[in-house]
Amino acid sequence: MKFDTITVQGGMNPGDNRACISPPIYQNTAFYFKDLDFAADLFDLKTAGDIYTRISNPTTNMLEERVAALEGGVGAVAVSSGMSATLAAVLNLTNAGNEVVASASVYGGTFNLLNSTLPKYGVVTKFVNSDKIEDYEKQINEKTRCIYAETVGNPTLDVCDIEGLANLAHKYSIPLIIDNTVPSPYLCRPFEHGADIIVHALTKYISGHGNSMGGIIIDSGKFDWEKSGKFPDLTKKDQSYHGLSYTETFKEAAYITRIRTAYLRDLGCCLSPFNAYLTLVGLETLHLRMERHSESALKVAKWLQNSEFVKWVSYPLLESSKYYNNAKKYLPKGASSIVAFGLKGDRKNLEKFVSSLKLFIHATNIGDSRSIITCPSLTTHRQLSDEELEKAGIGIEFIRLSVGLEDTDDLIADLEQAFQKSV
Ligand SMILES: Cc1ncc(COP(=O)(O)O)c(C=O)c1O
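Residues numbered from 1 in each chain as written. Predicted model: local features only at pLDDT ≥ 70, side-chain atom pairs only at ≥ 80, totals over all residues. Heavy atoms only, no water.

**Some points on the overall build of the protein**
A count of helices and strands for the protein gives 18 helices and 14 strands. The C-alpha atoms of the protein give 22 Å as radius of gyration, which agrees with the globular expectation for 423 residues (22 Å, within 12%). Expressed as lengths along the three principal axes of its C-alpha atoms, the size of the protein is roughly 75 × 55 × 35 Å. Of the contacts made within the protein by residues no fewer than 6 positions apart, 72% connect residues no fewer than 24 positions apart. With the model as given, the accessible surface of the protein reaches about 17800 Å², and the carbon-plus-sulfur share is 51%. If you average the places of the 43 positive and of the 50 negative side-chain charges in the protein, the two averages end up 2 Å apart. (Helix = DSSP H or I, 4+ residues; strand = E, 2+ residues; numbered from the N terminus. Rg over C-alpha atoms; globule rule 2.2 N^0.38 Å. Contact = heavy atoms within 4.5 Å. Areas by Shrake-Rupley, 256 points an atom, 1.4 Å probe, with all protein chains shown as cover. Lys, Arg positive; Asp, Glu negative; His and termini not counted. Charge placed at Lys NZ, Arg CZ, Asp CG, Glu CD.)

Shown next as structure tokens:
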């Protein structure tokens, strides 16, 4: 099936599910065991099947199959939020004493997780404030267990060199994790460029309507855990499953199976079946929405470039962008909905501008069908120190727009009238 067909029908067979043709919501907690042996085999991972919704659920499985197919992976596990996806993806590769090498421009929540929370448990991240592959390489040592980056950094809009990072990771026998939230698989498929694991905040473009939290981890199935020798949790016997080895039993699906059986089991960060349903329904129009988001965002970015109220504009597919070449390579169909710009003036002008907007909603989200305006230094990146904000290039004048699906003439008129009132 081609991409657009999978967005609409992937993971669902109209002959199953009592002939329902749209995804049914299996809003139940537990599943029936037909006999004792069957129950024991399910718990020993000798047979596949649903036990309890914390670990798997048929509605959620439809979503997992659909997103795995869209990214071209061997399997996926859906979780309760984008942050849970990042947490589980990293925990599945690390133990106390291990390190992560990550781009310094990752989403603020991810930065906090890696910079503040995980170090308390002995997993330390070395951040790289540069696009140069050699600067990433300088941070890698024998303790490093993965490289972590976003296809398009939120909100700085740097487009990472996935292929360069993948080659570097593989040189050191470690995997590359890519947060592909901003492009969604419609605009970029990181596995085609060598990434090993993908995470998404389903909350954003995949569900697409600002009504459902969720996250997902997808495994390419291509990383050779045995050959690497750095991941005993995947290759050696797991005593919590009677000595089973994930790579021996689940082969190329070892990594993703352990996310479910160890981390959904122990952390409990499952997606609710109702949210899986909302995400499946939103996903049906992903291809149409991403085209429109990208077309409108480029139009707004070009218009902002000519505005006298604006200091600078950043959008990966503007020729003025430092990331234009990477964007052409990795985002040939469009660069998604986020446009960043610097407003001239000070905090007072910023306040007048934001409070004068009528269509752009002042909130913190991206990938919603509605247009949203955010001031990251006061919100999403509030926990960063002044020095960290400066390193990430996020000053008080930094404005992030997520351009929605409204008519662009109306959106531009809204920005213009608010600019006029900002001075
Ligand atoms: C790129 C990116 N990754 C991950 C997340 C976290 O997702 P969630 O809010 O669903 O936890 C966000 C949230 O804004 C994000 O923008």
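Resuming the write-up.
**Considering the packing of helix α4 (residues 82–91) against helix α5 (residues 108–117)**
At a minimum axis distance of 10 Å, the contact between α4 and α5 shows a crossing angle of 35°. The way α4 lies across α5 gives a crossing that is right-handed. Of α5, the residues touching α4 (which contributes M83, T86, L87 and V90) are G109, T110, L113 and L114. A class-by-class count of the residues in the contact of α4 with α5 yields five nonpolar, three polar and no charged. (Axes fitted to C-alpha atoms, helices over the stretch in contact; angles between N-to-C directions. Left-handed = near helix turned anticlockwise from the far one by under 90°. Nonpolar A, V, L, I, M, F, W, Y, C, P; charged D, E, K, R; others polar.)

**Some words on the site of the ligand**
Close to the ligand lie 14 residues; G82, M83, N154, D179 and T203 are nearest. Contact between the ligand and M83: an oxygen atom at 2.9 Å from a main-chain N or O atom of the residue. The side chain of K204 places a nitrogen or oxygen atom 3.1 Å from an oxygen atom of the ligand. Among the residues forming the shell around the ligand, the class breakdown is five nonpolar, six polar and three charged. (Near = heavy atom within 4 Å. Polar contact = N/O pair within 3.5 Å; in protein donor to acceptor, adjacent residues only side chain to side chain.)

**So, the environment of S377**
Summarising the element assignment, S377 is placed in the loop between β13 (372–374) and α17 (386–392). The sequence separation of S377 and I399 amounts to 22 residues, and the corresponding C-alpha distance is 8.8 Å. Sequence-distant contacts of S377, that is, excluding residues within four places in its chain, are made with R382, L389, I394, G395 and I396.

**Observations concerning the pattern of salt bridges**
Evaluated as defined, the whole model comprises 14 salt bridges. Residues D44 and K46 are paired through a salt bridge, measuring 3.9 Å at the closest nitrogen-oxygen approach. Close ionic contact of K299 with D409 constitutes a salt bridge, the shortest N to O distance being 3.8 Å. With K299 in helix α14 (residues 286–305) and D409 in helix α18 (residues 408–421), this residue pair connects regions lying 110 residues apart in the sequence. By relative accessible area, K299 is classed as partly exposed at 41%. (Salt bridge = Lys/Arg side-chain N within 4 Å of Asp/Glu carboxyl O. Buried < 20%, exposed > 50% of the residue type's maximum accessible area, 1.4 Å probe, protein only.)

**A few points about the pairing of strand β4 (residues 144–150)**
The buried fraction of β4 is high, at seven of seven residues. As judged from the four bridges shared by strand β2 (residues 99–103) and β4, these two strands associate in the parallel manner. Looking at β4, one finds that A102 is bridged to Y148. Bridging between β4 and strand β5 (residues 176–179) involves four bridges; their strand directions are parallel. Directly across from E150, in β5, lies its bridge partner D179. Handedness of the β4-helix α7 (residues 162–171)-β5 crossover: right-handed. (Pairing = 2+ DSSP bridges. Right-handed = clockwise from strand over helix to strand, strands pointing away.)

**A closer look at the nonpolar core**
Ranked by size, the top nonpolar core spans 126 residues in total, and within it I217, L304, F341, F353 and L401 carry the most contacts. A total of seven residues in this core trace back to one element, the largest contributor, which is helix α12 (residues 254–267). Split by domain, the residues of this core number at least three in each of domain 1 (18–282) and domain 2 (286–421). (Core = buried A, V, L, I, M, F, W, Y, C linked by side-chain atoms within 4.5 Å. Domains from an automatic or database assignment.)

**Some remarks on the domain arrangement of the protein**
By domain assignment, the protein separates into domain 1 (18–282) and domain 2 (286–421). The partner domain 2 presents 44 residues to the 36 residues of domain 1 that form the contact. On the domain 1 side of the interface with domain 2, the three residues burying the most area are Y186, L187 and Y205, jointly 24% of the side's total. In this assembly, domain 1 and domain 2 are joined by two salt bridges. A salt bridge links E163 to K329, with the nearest nitrogen and oxygen atoms 3.2 Å apart. On the surface where domain 1 and domain 2 come into contact, there are 20 residue pairs in polar contact (both at pLDDT 80 or more). When residues of the side of domain 1 that touches domain 2 are traced back to their parent elements, those giving at least two are α5, α7 and α8 (184–187). When the residues that make up the side of domain 1 that touches domain 2 are grouped by side-chain class, the tally is 17 nonpolar, 14 polar and five charged. (Buried area = accessible area lost by both parts, 1.4 Å probe.)

**Structural notes on the packing of aromatic side chains**
The description of an aromatic ring pair rests on the distance of the ring centres and on the angle between the ring planes. On inspection of all chains with the given rule, the structure shows 15 aromatic pairs. Both rings, one in F223 and one in W225, keep their centres 4.5 Å apart while their planes meet at 50°; by these two values the pair is tilted. A residue is classified by how much of its surface remains accessible, and W225, at 4% relative accessible area, is buried. Measuring from centroid to centroid gives 4.7 Å for F353 and F419, while their planes differ by 15°, and the two rings are stacked. Here F353 is found in helix α16 (residues 347–356), whereas its partner F419 is found in helix α18, with 66 residues between them in sequence. Overall, the relative accessible area of 0% leaves F353 in the buried class. (Phe/Tyr/Trp six-rings, centres within 6.5 Å; stacked < 30°, edge-to-face > 60°.)

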